[in-house]
Amino acid sequence: MIRIDILSQNADQAVMRVAGEVWLDDEINLVAQEGKRCLETSKLLVLDLEHLHYLSDHALPQLKEWQAQGRLQISKHNYRLNDLLQRHGLVPKPEVLP
């Protein structure tokens, strides 16, 4: 089950919260459609993934495309997604201090 909420939207940015699990094609397509809809009127899509429990690898190409265009920022995410998002360059890896 997935829940998508648009928390705010203006010409500069849209904040979209995605909660639940994104693993079926229908769920992946829904996130892509809502993200594209937000980007029609906003320059930047800010994703809040704090309450997302699972994200399929199949959803990553769309996120990476938006990021490559400079149109994606992930504002929040939980520990379950941290490794996946870091491996794919969607969030920065923490600096390791000597």
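Residues numbered from 1 in each chain as written. Predicted model: local features only at pLDDT ≥ 70, side-chain atom pairs only at ≥ 80, totals over all residues. Heavy atoms only, no water.

Engineer: Whenever I open this one, the overall build of the protein confuses me. Can you help?
Structural biologist: Counting its regular elements, the protein contains three helices and five strands. Here the protein has a C-alpha radius of gyration of 13 Å; the compact-globule value for 98 residues is 13 Å, and the two agree. The dimensions of the protein, computed from C-alpha atoms along their principal axes, are 45 × 30 × 20 Å. The long-range share in the protein, meaning contacts at least 24 apart out of those at least 6 apart in sequence, stands at 69%. On the protein, roughly 6200 Å² of surface is accessible, and the fraction owed to carbon and sulfur atoms is 50%. In the protein, 11 positive and 14 negative side-chain charges are present, and the distance between their average locations comes to 4 Å. (Helix = DSSP H or I, 4+ residues; strand = E, 2+ residues; numbered from the N terminus. Rg over C-alpha atoms; globule rule 2.2 N^0.38 Å. Contact = heavy atoms within 4.5 Å. Areas by Shrake-Rupley, 256 points an atom, 1.4 Å probe, with all protein chains shown as cover. Lys, Arg positive; Asp, Glu negative; His and termini not counted. Charge placed at Lys NZ, Arg CZ, Asp CG, Glu CD.)

Engineer: I would appreciate a short explanation of the side chain of Ser56 in the present structure.
Structural biologist: With respect to the helices, strands and loops of the structure, Ser56 is situated in the loop between β4 (52–55) and α2 (60–68). In terms of polar contacts, Ser56 uses its side chain to reach the backbone amide nitrogen of His58, at 3.0 Å. (Polar contact = N/O pair within 3.5 Å; in protein donor to acceptor, adjacent residues only side chain to side chain.)

Engineer: Just to check I follow, could you spell out the pairing of strand β3 (residues 44–49) for this structure?
Structural biologist: In regular strands, side chains alternate between the two faces of the sheet. β3 sits mainly inside the fold: six of its six residues count as buried. In β3, alternate side chains face the same way, and those of Leu44, Val46 and Asp48 on one face and Leu45, Leu47 and Leu49 on the other are all buried. Taken together, the five bridges between strand β2 (residues 13–22) and β3 define a ladder with parallel strand orientation. Residue pairing across strands places Arg17 opposite Asp48, the latter belonging to β3. With helix α1 (residues 25–41) bridging β2 and the parallel β3, this β-α-β connection has right-handed handedness. Taken together, the five bridges between β3 and strand β5 (residues 72–77) define a ladder with parallel strand orientation. Note on β5: the bridge partner recorded for Leu45 is Leu72. (Buried < 20%, exposed > 50% of the residue type's maximum accessible area, 1.4 Å probe, protein only. Pairing = 2+ DSSP bridges. Right-handed = clockwise from strand over helix to strand, strands pointing away.)

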